[in-house]
Amino acid sequence: AWSVAVAVSLRYPERPLGALLFVLAVMYVLLALQATSDPLLFTLGRATRPVAEVLLMWIMLAFPSGRLANRFERGLVATAALAVLTLWLPSAMFSPQIPMAGPSVLCQADCPRNVFFVQDRPELAHALSTAMRAVGALLLLATTGVLLNRLRRATPLMRRVLAPVLGVSMARALVMVAFLVGSGSRLAFILTFLAVPLSIALGLLRGRLYTARALQRLVSGLRGTPDMHQLREVLAREGVADLVATYALS
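This one's a predicted model, so the numbers in the text were calculated from it and none came from an experiment.

What counts, and where the lines are drawn
- Residues numbered from 1 in each chain as written.
- Predicted model: local features only at pLDDT ≥ 70, side-chain atom pairs only at ≥ 80, totals over all residues.
- Heavy atoms only, no water.
- Salt bridge = Lys/Arg side-chain N within 4 Å of Asp/Glu carboxyl O.
- Helix = DSSP H or I, 4+ residues; strand = E, 2+ residues; numbered from the N terminus.
- Buried < 20%, exposed > 50% of the residue type's maximum accessible area, 1.4 Å probe, protein only.
- Patch = residues over 30% accessible without salt bridge, like charges linked within 9 Å, V, L, I, M, F, W, Y side chains within 5 Å.
- Areas by Shrake-Rupley, 256 points an atom, 1.4 Å probe, with all protein chains shown as cover.
- Core = buried A, V, L, I, M, F, W, Y, C linked by side-chain atoms within 4.5 Å.
- Contact = heavy atoms within 4.5 Å.
- Expected span 1.5 Å × (residues − 1).

Asker: Honestly, the pattern of salt bridges in this entry has me stumped. Any pointers?
Answerer: Should the charged atoms of two oppositely charged side chains come close, the side chains can pair. Within this structure, the stated rule accounts for three salt bridges. Of the charged contacts, one joins E53 and R49 as a salt bridge, the two residues approaching to 3.3 Å between their closest N and O atoms. Placement of the pair is E53 and R49 together in helix α3 (residues 39–62), with a separation of four residues, close to one helical turn. With a shortest N-O distance of 2.3 Å, R172 and E53 are connected by a salt bridge. Of this pair, R172 sits in helix α6 (residues 156–180) while E53 sits in helix α3; the two residues are 119 residues apart in sequence, bridging distant segments of the chain. E53 matches R172 in its accessibility class, with the two residues each being buried.

Asker: Help me out: how do you make sense of the environment of V161 in this one?
Answerer: Summarising the element assignment, V161 is placed in helix α6. For the pair V161 and R208, spaced 47 residues apart in sequence, the C-alpha separation works out to 8.8 Å.

Asker: Where do I start with a nonpolar patch on the surface in this structure?
Answerer: A contiguous nonpolar patch, built from L138, L141 and V177 and spanning about 260 Å² of accessible area, is present on the exposed surface. Inspection of the secondary structure puts L141 in helix α5 (residues 122–153). The exposure class of L141 is partly exposed, given its relative accessible area of 44%.

Asker: Even after reading the chapter, I still don't get the nonpolar core, so can you show me in this structure?
Answerer: One recurring pattern in soluble globular proteins: nonpolar side chains tend to sit buried together. L24, I59, F63, V196 and I200 are the most contacted members of the largest nonpolar core, which totals 35 residues. Counting residues per element, the ones that place at least two in this core are α2 (16–31), α3, α5, α6 and α7 (186–221). Take this core: its biggest share by element is 11 residues, from α6. The next biggest cluster of nonpolar side chains, apart from the first, holds 21 residues, and it includes W88, M132, L139 and V146.

Asker: Explain the environment of V196 to me, please; I cannot follow it from the model alone.
Answerer: Relative to the helices and strands, V196 resides in helix α7. The class of V196 is buried, set by a relative accessible area of 0%. Through-space distance from the C-alpha of V196 to that of L21 is 9.9 Å; in sequence the pair is 175 residues apart. Once residues within four sequence positions are removed from consideration, V196 is found in contact with L56, I59, M60, V168 and R172.

Asker: I tried to follow α2 on my own but got confused; where do I start?
Answerer: For an α-helix the count is 3.6 residues per turn, leaving residues at separations of three or four pointing the same way. Relative to the 22 Å expected for 16 residues at 1.5 Å per residue, α2 spans 23 Å between its end C-alpha atoms, a close match to the ideal helical length. Buried residues of α2: L17, G18, L20, L21, L24, A25, M27, Y28 and L31, and no others.

Shown next as structure tokens:
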């Protein structure tokens with residue numbers, strides 16, 4: 001997932017999408033700090049996780065342009081960031097162990113010291129942690145709804161590009177809801193977290209393959225010297241509007 005995020009960010013260095021994916025690749029590296037025994041580095045690695053979740057939501061909503069399309073999408077990302085500050089961070093301050101360890105934390109109950117810890121309030125920490133999971137699941141469901149609506153209104157080309165990202169968003173929402181009720185799969189949690197850059201790469205590849213096939217059919221249809229009526233039929237059949245839209249993916 002890290003290498004895919006870097007590869008896509010380098011392929012689109014001039015775009016917001018490239019910048020977002022590069023930051024995501026850096027966060028994937030920081031997540032490896034969860035394996036260290038140093039309290040400060042371990043806490044940094046753990047704190048990277050909720051921030052990465054916000055960035056993943058941002059990337060899914062902004063794909064493929066890298067820009068959030070409207071106020072509602074910006075509100076979803078802002079709400080996710082606010083939840084990290086008002087729910088996740090306080091839950092870490094009131095528990096000796098940072099809540100929501102997740103499947104990627106190997107130490108589990110015997111982890112390094114939590115440098116955010118201020119006072120042991122287990123009931124409050126648990127309530128804040130549960131609220132964070134609930135808000136996260138609702139935001140992912142809202143993100144899935146936005147992508148589904150976008151997919152419904154998209155051109156054939158954009159449907160091929162967006163479909164993998166929509167699939168991952170739906171899977172992440174289901175996994176988060178499963179964890180909220182205490183029956184989530186550790187493997188599914190990890191896979192859906194790492195699958196976002198992979199789904200983006202797959203979407204871009206599907207878009208390019210569709211474009212190549214459409215261009216090939218267009219050239220074949222223009223062999224010879226077609227009259228104006230035949231030319232209009234060929235252009236309409238091969239979806240020239242879709243081909244023009246590929247400049248957004250080039």
